[in-house]
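Survey of secondary and tertiary structure
Read off the chains here:
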Amino acid sequence: MSTPYRASVPTPGASPQWRSLDDLARLEGGGDEFPADASEWPDALSRRRFLQLMAGSLALAGTGACTRQPREEIVPYVRQPEALQPGQPLYFATAMELGGEAFGLLVRSDSGRPTKIEGNPAHPATLGRSSVHMQAALLTLYDPGRSQGLMKSGSPATWEDLLGTLTEQRARWQERAGAGLRLLTRRIASPTLREQIARLLTKYPQAQWHEHDAAFPAPPLPAGLRLERAEVIVSLDADFFGSGALHPRAAFDFAKRRRADHGRLYVVESTPSLTGAMADHRRALRPGELADFARGLARAVREPGAEADPWIPAIARDLTEHRGRSLVVAGEFQSPEVQASARELNEALGNVGQTIDNLPPAPGPRAAALPELARAMHSGEVEALLIFGANPAYDSPADLDFNAALEKVPFTLHHGIYFDETAGRCAWHVPESHFLESWSDARALDGTVSIVQPLIEPLYPSKSAHELFAALLGELPADGYEIVRSAWQQRPGGGGFESAWRKTLHDGIAPQTGTVSAPPAQGATTQIPPTEPAAFQASLELIIRPDPHLLDGRLAENAWLQELPKPFTKLTWGNAAHLSPRTAERLGLAHGDVAELRYRGRTVRAPLWILPGHADECVTIHLGHGRNCAGSVGSGCGFNAFALQTSEAPWGGRGLEIHKTRERHVFATTQEHQRMEGREPVRVETLGKPTTPPAEAAPAREETLYPNIDYGRPSWGMVIDLNTCIGCSACTIACQAENNIPVVGREQVLRGREMHWIRVDAYFAGSVEAPQLLHQPVPCMHCENAPCEAVCPVAATVHDHEGLNVMVYNRCIGTRYCSNNCPYKVRRFNFLSYNDTHAPQLALMRNPEVSVRMRGVMEKCTYCIQRISAARIEAEKEARPIRDGEVVPACAQACPAEAITFGDIHDPESRVAALRQSPRHYALLAELNTRPHTTYLARVRNPNPEIA
Amino acid sequence: MKGRALYGLVAEFLEPERLLAAAHAARQAGYKCTDAYAPYPVEGLADALGMRFTGVPLTTLLFGIGGGTTGYAMQLYSAAVDYPLNVGGRPLNSWPAFVPIIFELTVLAAAFGAALSMFAFNGLPRPHHPIFETPFFRERNASRFYLCIEARDRKFREEKTRAFLEEQAPEHVWEVREE
Amino acid sequence: MALTAQRCEQVTDRLSGLVLREPLRRGWLAGFALAFALLMLLNVAIPWLLIRGVGIWGVNIPVAWGFAIVNFVWWIGIGHAGTFISAILLLLHQQWRTSINRFTEAMTLFAVACAGLFPLLHLGRPWVFYWLLPYPDTMALWPQWRSPLVWDVFAVTTYLTVSLIFWFIGLVPDLATMRDRAERPWMRVVYGIGALGWRNSARHWKRYEMAYLLLAGLATPLVLSVHSVVSFDFAVAIVPGWHSTIFPPYFIAGAIFSGFAMVLTLVIPVRAVYGLRDLITERHLDHAAKVMLATGLLVALGYASEQWMTWYADEPYDAFMSHNRMFGPYWPVWWTVMACNIGAAQALWWRRVRTSPALLFAVALLIQIGMWTERYMIVITSLHRDFLPSSWGMFHATVWDWATFAGSLGLFFTLLFVFIRLLPMIAIAEMRKQTTEGRE
């Protein structure tokens, strides 16, 4: 294949992640079913270590004693049984940090191994829902590619060596009052860590703290959106459903409003986003025009008058008619002036305090930005640089030339979960503990604080940031648990500390924190002129955004996220330069061409993706790809967009030129065709209008030659509401985590062999210029007249008494006839031995309730049958029928918009049964009379009559 | 030659018509234990020797019926009785889907019936047979025609039978003895 | 000296001589070497498949069936000519079949052997293929009788067995002849074992002819059933382009069509090399060509009615499917099929073509390519774009797909060359009867 991008499946033996693909040559027929022996241990760890690790899975055999739960007392969310029963999972409340905000989690622990991550219903940022990043954090914990040892200039060292060096360093900092000492962190959500930083800065007054977070630029989204209260929402390129940190909560609130009276969403954006796809009216504008639009809208609301753009008065009227019940949101990547217009609009419309709160900033010192640090480093002022979590050697704007600057710093230390680009260039590297391995705390945007409690002892000799800071300060206690606990003890809190502490651990949130509304920030309405040299006015605009899944590349080593199809393009294992069909036509560019993007003197080669719904005359590229030290999974797929990023305009601007090369690129996409071909798999209705009868109605139950089989109760079914589904793919990755679904790699995706049990189809409806963007999650339909079953020669897929279409892996001989005969193509086949049975870490990760499939067998969505049987057992113990909502499949549990409802369709009281009565209810390909148990609710549009 | 029991007398012809005539004559003369040998199936030769039934068609029919019934019984028992499964909402005894296998098993069994009965009734395989003792039989049986009157025939008298065969104007009359 | 014996002697001597006295010809050696080389390719492809899994082929979701099934259907089709010639033409008293039936029956067996290979290899877990058979399973499980794949198992095995019996019974008298004619003792033993002690007894001949007739009677419906069952693999499924009642007759016609094409591609060189032009005459070629023309027209009718049905049914999915075949990404496939199977076959209207070995050979080759492509069209272009546009995909054959296909050709020709060396490729006894009775 003639592409400049190295294939993502690495060379043999390069990584345990991929061993099974490479080692197959050694495996006999079913040999790959057997676990790896100690000699297969993929890295330098000892046999003893291996045995320690395997202890976790040994616990499955009923030896509850040798689990790896931390020594300190941690408190389960669910009341713990008298004695831990092997095979009975426990749930622990904890929290993860992303972009400087906390997301409360509930983590399932099977015999001491965290095996699944869910949102914490009590936590304001998640409300029990989750996002792709929360789900995928599990794989990062067990990732064999993690940094597994402390390194000094490239060679293994010990913690004691480091402590020694730090004592020397402290002496030097002491005498120079910290002059030349710099801290570099990502955005931090942990109050305790902020306190530690504050202590460091007071101890060494001359020291400076810098913050760099390429995916979450400060300031964040104007927090505290109350989407459920907003009847009219205008998004100025604000993707609050996308990678934005507010995602699960935003989708949840928005869905609430949609279900109530739909409301209306206007989205004006340059690149198609998940938010844009939900819009009742979507407008694609290039960033320059977008700024004008924002200004125009603000003007029109201030003094209504004639506007060139017919949309502006219409939207303005809609907004003014909904004072206090409307909301204008500007994207976090938009220029200050757009932010200003949004702030002005919300204030003018009296939305502040109604649909939007200005939240107080986190207490503690403020951090400086990266450019100042880089300047100081270049000028040689920096003597010691301590980097926490950040990876500036890769994810810093090209003009800072950070790597050269790094050369000039005598003492450098990197603390991170991977041995990445920066680690390789620093004198010291300390492996960072995963949040499921270490104690910490985290503050949500609204001020709610949670304790991060570990579920497993560190798999490798790693340290948490707190522990490393304690070492820096030479403080005691040095142990993470003690540090966090003592920090909490010092905070004001009524009543006995112990009980409060236990309660906080149990609930996952500290009481009496959160939802503190601050006075309206002073809207800097002064117009900031766009920072653009006039020379560039004519040329194309470049738009730089974090990758929706890999963000700024910090998650590039996470194979689940690499293989998770990106919104709209369904692209995996790489990125592309997106541009609109019209612009491509004007420039004579074709989909898949490899072009040279020249931007302000810098050049990068990128494959072109022609994306309907993209604004004309601009090009969008995503960060986070093209890494060379990500690890064997993340290295070398895609191109590095940081090469074009500049510190003065990090999110792009004018001055882009495209030069086509002769090369062509083959994209590893999971959906090659995105027009509906008049088959309307996704039905769209208009609010108020009577529902149009489906083209082909399903035959009535009576019209059959066969006697109807009557399923009793329960008869499981699922209804997916396309009107609230935002297409975020959280379901896909939650399913992957719950059901031990393997990753197949770029080559196999190219061959059309991805394994996801629930996929999210994306369609473009209407015109190419202004298409409607549609999503549709497609799991197994569990048809009553399942076409797949009748053709299986060995009865490996049959129906059970609860109406499930079950797949019997160990009976399957792999004729693949069932897949051919499945009109929904939801079946997945193990063409090769995809499951890595060699890396012991991954063995620890797997869900013990779900069998790991071998090569040559078919698999598909089971409605999480393991959860159904768990519920059934509970119900039978209490001699009662299973309650509605008691069984929640992984996809439904993860869905931030609650778009997926599961239950007994024969129970008249159940929510599914009610939804199936809705006029919007329809079955996919009903005319085939497959009688699916998974059905859909049509998408609804609420257009503004003033806009044609 | 001496000391070995006489198997029979064999007349060798060059033309099928001669053999056919001789066979008829032998029958007339009342010989029962006779057999003829020809390089290819000669029309009516077996009848001339007084052979009525082959038994092959009946066996074939029985085998065929047996195969068919087994086929249906097997499918009905396994799908509806022994291990009933709900397969795509189809009835347990979906007989139309069972027809192809019933048919195949019928044909298979019948074919075995035909082949096996043919060999069985012909007494094959039989590695050796006295007729092979006839001089030059190996070289000539693919081109010449033989009539054999066996010694065990009640009317067999060596001289008289030889004389009878000589009357049929054969190329030779051979005396064939058991091994 | 009398004529009959003389003629018999001549025929017998000549035909048995083809095996017993024939020197190793350079042509045979070259052919065998090539075929054997391909067979060795198969010997590499199969182990690699078992080690790595079917993933080494181009199959994927949605196109979960690829070359394996295409080759399977193609080989089975070729396997139909033999039985058709020996059984149906026997019942129709077509004398001309005699000089080619033995050869074509052998061809049938080898083709079916090749065909049988593929359904097993294409399994995800070939080592448990026996789960397709009804046997006392420890889990008390049975095959799922509603699946056409189970029907396949029974149809193909039955067909193979019956063809084998038919062929062997035909061979017995000839083996006896070989036994008697062979010089070397060990050859006598070997042929003797096969001959089962056959001694040309008149009583034996009678039962023999009766059994042979009955087998022909059984094989006739069998021939028709096998490809019907194979066509059910597709017709029973709901995939647009598969779900069609026209398939059984249309497949049978196609099978005999391609079968005769194969017969001609084999017979024409053989009769040239072994100087059998007087036994396998232009008349035989002419007849075979006529059968090809007839079945070819039936196939064309099949294509036509398929188009008509999609138009008449006004089914959006089927309509799209047939349009997609003609103008979709796989358009060359469809046009090749039409050019070869309909276009080339029309040349057979001319007697000159039918009786000139060279031209006939060319047409036969084209038709075989066309028929293989047709199966490719049915399997792949139907699957690659079915109901939901989101799951549409493409199929790209890998080197291992081609290797396995070439390997199966190697297996076929190797067996054929061995057969030519070791067994009389023309039924001696039947020729004896025919030459002597054709005297008057």
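This text gives an overview of the structure that appears in the document. (Residues numbered from 1 in each chain as written. Chains lettered and ligands numbered in written order. Predicted model: local features only at pLDDT ≥ 70, side-chain atom pairs only at ≥ 80, totals over all residues. Heavy atoms only, no water.)

A short note on the overall build of chain B
Let me state the cut-off plainly: Helix numbering and strand numbering both begin at the N terminus, where a helix is a DSSP run of H or I of at least 4 residues and a strand a DSSP run of E of at least 2. Note that the radius of gyration is over C-alpha atoms, with the globule rule given as 2.2 Å times the number of residues to the power 0.38. Each residue is assigned to one of three classes by its accessible area relative to the maximum for its type, calculated with a 1.4 Å probe on protein chains only: buried under 20%, partly exposed between the two thresholds, exposed over 50%. Contact definition: two residues touch when any of their heavy atoms are within 4.5 Å. Note that accessible areas follow from Shrake-Rupley with a 1.4 Å probe, and for residues the cover is restricted to the protein chains shown. In summary, the charge assignment counts Lys and Arg as positive and Asp and Glu as negative, without counting His or the chain termini. The atom standing in for a charge is NZ when the residue is Lys, CZ when it is Arg, CG when it is Asp and CD when it is Glu.
A tally of helices and strands in chain B yields six helices and four strands. Tracing chain B from N to C terminus, the helices and strands come up as β-α-β-α-α-α-α-β-α-β. The globule rule puts the C-alpha radius of gyration for 179 residues at 16 Å, and the 25 Å found for chain B is more than 25% above it. With 179 residues in all, chain B has 54% of them scored as buried. In chain B, of all internal contacts separated by at least 6 residues, the share reaching a separation of at least 24 is 80%. Looking at chain B as shown, the accessible area adds up to about 8200 Å², and 61% of this sits on carbon and sulfur atoms. For chain B, the separation between the mean place of its 18 positive charges and that of its 20 negative charges on side chains is 5 Å.

Regarding the interface of chain A and chain B
A common measure of how large an interface is: the accessible area buried when the components associate. Filter applied, for reference: When two components associate, each loses some accessible surface as probed by a 1.4 Å sphere; the sum of these losses over both components is called the buried area. Each salt bridge in this description consists of a side-chain nitrogen of Lys or Arg and a carboxyl oxygen of Asp or Glu lying within 4 Å of one another. Think of a polar contact as two N or O atoms within 3.5 Å of one another; within protein, one of them needs to be a possible hydrogen donor and the other a possible acceptor, and neighboring residues in sequence only count if both atoms come from side chains. Throughout this entry, Asp, Glu, Lys and Arg are counted as charged residues, while Ala, Val, Leu, Ile, Met, Phe, Trp, Tyr, Cys and Pro are counted as nonpolar. The remaining residues, Gly among them, count as polar.
Listed per partner, the contact involves 12 residues of chain A and seven residues of chain B. The contact between chain A and chain B buries some 850 Å² in all, and 63% of this surface belongs to carbon and sulfur atoms. Our count for the contact surface shared by chain A and chain B stands at zero salt bridges. Summed over the shared surface of chain A and chain B, the result is three residue pairs in polar contact (both at pLDDT 80 or more). Looking at the side of chain A that touches chain B, the elements with two or more residues in it are α22 (787–790) and β27 (797–799) of chain A. Here the residues of the side of chain A that touches chain B are counted per class, giving eight nonpolar, two polar and two charged.

A short note on the packing of helix α2 (residues 26–52) of chain C against helix α14 (residues 399–422) of chain C
All names here are of chain C. Quick note on the threshold: Fitting a line to C-alpha atoms yields each axis, with helices limited to the stretch in contact; the angle taken between N-to-C directions then spans 0 to 180 degrees. By the definition adopted for this analysis, an angle is roughly parallel if under 35 degrees, roughly antiparallel if over 145, roughly perpendicular if from 65 to 115, and oblique otherwise. Working rule for handedness: look at the near helix, and if it is turned counterclockwise from the far one by less than a right angle, call the crossing left-handed; if clockwise, right-handed.
Closest axis-to-axis distance for the α2/α14 pair is 6 Å, and the angle between their directions is 140°. Taken together, α2 and α14 sit at an angle that is classed as oblique. In the packing of α2 onto α14, the handedness of the crossing is left-handed. Grouping the amino acids of the contact of α2 with α14 by side-chain chemistry returns 18 nonpolar, six polar and one charged.

Some details on a nonpolar patch on the surface
Residues and elements named next belong to chain B. Convention followed: Without a salt bridge and with relative accessible area above 30%, a residue can belong to a patch; like charges are then joined within 9 Å and nonpolar side chains (Val, Leu, Ile, Met, Phe, Trp, Tyr) within 5 Å.
A cluster of nonpolar residues, Leu58, Leu61, Leu62, Phe63, Ile65, Phe112 and Leu116, forms a patch on the protein surface that exposes about 680 Å² of accessible area. Mapped onto the nonpolar patch, the elements with two or more residues apiece are α3 (56–82) and α4 (95–121). Ranked by residue count, the leading element in the nonpolar patch is α3, at five residues.

Details of the pattern of salt bridges
Taken as a whole and judged by the stated rule, the model has 78 salt bridges over all chains. Members of the salt-bridge network, linked through shared partners, are Arg108(A), Asp110(A), Lys116(A), Glu118(A), Glu738(A) and Arg867(A).

Describing a positive patch on the surface
Residues and elements named next belong to chain B. A surface patch of like charges, here positive, comprises Arg27, Lys32, Arg52, Arg154, Lys155, Arg157 and Lys160. Within the element layout of this structure, Arg27 appears in helix α1 (residues 16–28). Take Arg27: its relative accessible area is 40%, and that puts it in the partly exposed class.

By themselves, these are just geometric observations and shouldn't be taken as functional.
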